[in-house]
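Structural overview
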Amino acid sequence: MSITIKTPDEIEKMRVAGRLAAEVLDYIAPFVKPGVTTGELDQLCHEYMVNVQQTIPAPLNYAPPGYPPYPKSICTSINHQVCHGVPGPKALKKGDIVNLDITVIKDGYHGDTSRMFIVGDGSILARRLCQVTLECLWLGISVVKPGARLGDIGQIIQKHAEDSGFSVVREFCGHGIGLKFHEEPQVLHYGKAGTGPELLPGMTFTIEPMINAGKAAISELPDGWTIVTKDRSLSAQWEHTILITPTGFEVLTVSPDCPPPPALVAPLLS
Ligand code: MF3
Ligand code: CO
Ligand code: CO
């Protein structure tokens, strides 16, 4: 297998799927309040996807080799949970940070995006971690253009995370996306500029850095899915699905309330 190049017709379907995934986050944002459980957020998103959008929640029953079928329709990762947090009866409380990760399938194509939400005010550390991680995502996006290499993305993300005193999770990465949820290539969030596959117009992949306030090491909970930081430090993640265009990039997971590029990165975007 190799990296697929999407046709114009496929790209249009990826645009639709990407927008729909982002719109689920717009829809659920007002419900992310103290007292709501992650199970309730999952159920609301599930009903919105299935009944309003007529999309398929890609996580539900997703079972890559070595994993039990994922039991819910979205991922909800709170505080020291890095990714793939499974929704349940746990209520959010003031000061929590939570990542909501949405993947929808429309017309066979996947759109995959996640955002951080701060419940109440959040500590200075929590706010800074969420902001630096958003900057990492957009710094990665900023170097995407034909002729660039995947390592360029990893290097710029790793540098900003580590210069900020944080660490990059190594075990999970961005990924090609299209007819399949996870396709080639693997998009590492660390590495060396000038290395790795060359980016070509028509490729679609996600960038989804997971950044820890403490050490990079992770462990898996007995549910077989939830990933946490080994040192129980806070972790944040943001994700977009990106298209490589002839001149640069297009963010496919856009919606009216999608946060704009952060001020640090905006001047770098052409
Ligand atoms: N949405 C995640 C990603 O960004 C994958 C979640 S797999 C699941 O790649 F089964 F946990 F939903
Ligand atoms: Co993804
Ligand atoms: Co995702």
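Residues numbered from 1 in each chain as written. Chains lettered and ligands numbered in written order. Predicted model: local features only at pLDDT ≥ 70, side-chain atom pairs only at ≥ 80, totals over all residues. Heavy atoms only, no water.

Structural notes on the coordination of the cobalt ion (ligand 2)
Within the protein, the atoms that donate to the cobalt ion (ligand 2) are Asp112 (OD), His175 (NE2), Glu208 (OE) and Glu239 (OE), at distances of 2.0 to 2.2 Å. Given 6 donor atoms and angles of 51 to 161° at the metal, the environment of the cobalt ion (ligand 2) is assigned as irregular. For the cobalt ion (ligand 2), the single-chain donor residues occur in sequence as D-x62-H-x32-E-x30-E. Between the cobalt ion (ligand 2) and the cobalt ion (ligand 3), a spacing of 3.3 Å is present, and a bridge between the two is formed by aspartate 112. Note that aspartate 112 is positioned in strand β5 (residues 109–118) and histidine 175 in strand β7 (residues 174–176), a separation of 63 residues in sequence. An identical accessibility class is assigned to aspartate 112 and histidine 175; each is buried. (Donors = N, O, S within 2.8 Å, 3.2 Å for Na, K, Ca; no water. Tetrahedral: all angles 85-135°; square planar, octahedral: opposite > 155°, others 65-115°. Helix = DSSP H or I, 4+ residues; strand = E, 2+ residues; numbered from the N terminus. Buried < 20%, exposed > 50% of the residue type's maximum accessible area, 1.4 Å probe, protein only.)

Some thoughts on the coordination of the cobalt ion (ligand 3)
Six octahedral donors around a metal ideally subtend angles of 90 or 180 degrees, whereas four tetrahedral donors ideally subtend 109.5 degrees. Here the cobalt ion (ligand 3) is held by Asp101 (OD), Asp101 (OD), Asp112 (OD) and Glu239 (OE), and the distances to it run 2.1 to 2.4 Å. One can describe the site at the cobalt ion (ligand 3) as irregular: its 6 donor atoms subtend angles covering 58 to 165° at the metal.

Overview of the environment of tyrosine 67
Within the secondary structure layout, tyrosine 67 lies in the loop between β1 (56–57) and β2 (75–78). It is 25 Å that separates the C-alpha atoms of tyrosine 67 and threonine 4, two residues lying 63 residues apart in sequence. Ignoring sequence-local partners within four residues, the contact set of tyrosine 67 consists of Phe172, Gly224 and Trp225. (Contact = heavy atoms within 4.5 Å.)

A look at the site of ligand 1
Around ligand 1 sit 14 residues in total, of which Pro59, Asp101, His182, Glu208 and Glu239 are the nearest. A distance of 3.1 Å separates a nitrogen atom of ligand 1 from a polar atom in the side chain of aspartate 101. The contact in question runs from an oxygen atom of ligand 1 to an N or O atom on the side chain of glutamate 239, over 3.0 Å. A class-by-class count of the residues in the shell around ligand 1 yields 6 nonpolar, 4 polar and 4 charged. (Near = heavy atom within 4 Å. Polar contact = N/O pair within 3.5 Å; in protein donor to acceptor, adjacent residues only side chain to side chain. Nonpolar A, V, L, I, M, F, W, Y, C, P; charged D, E, K, R; others polar.)

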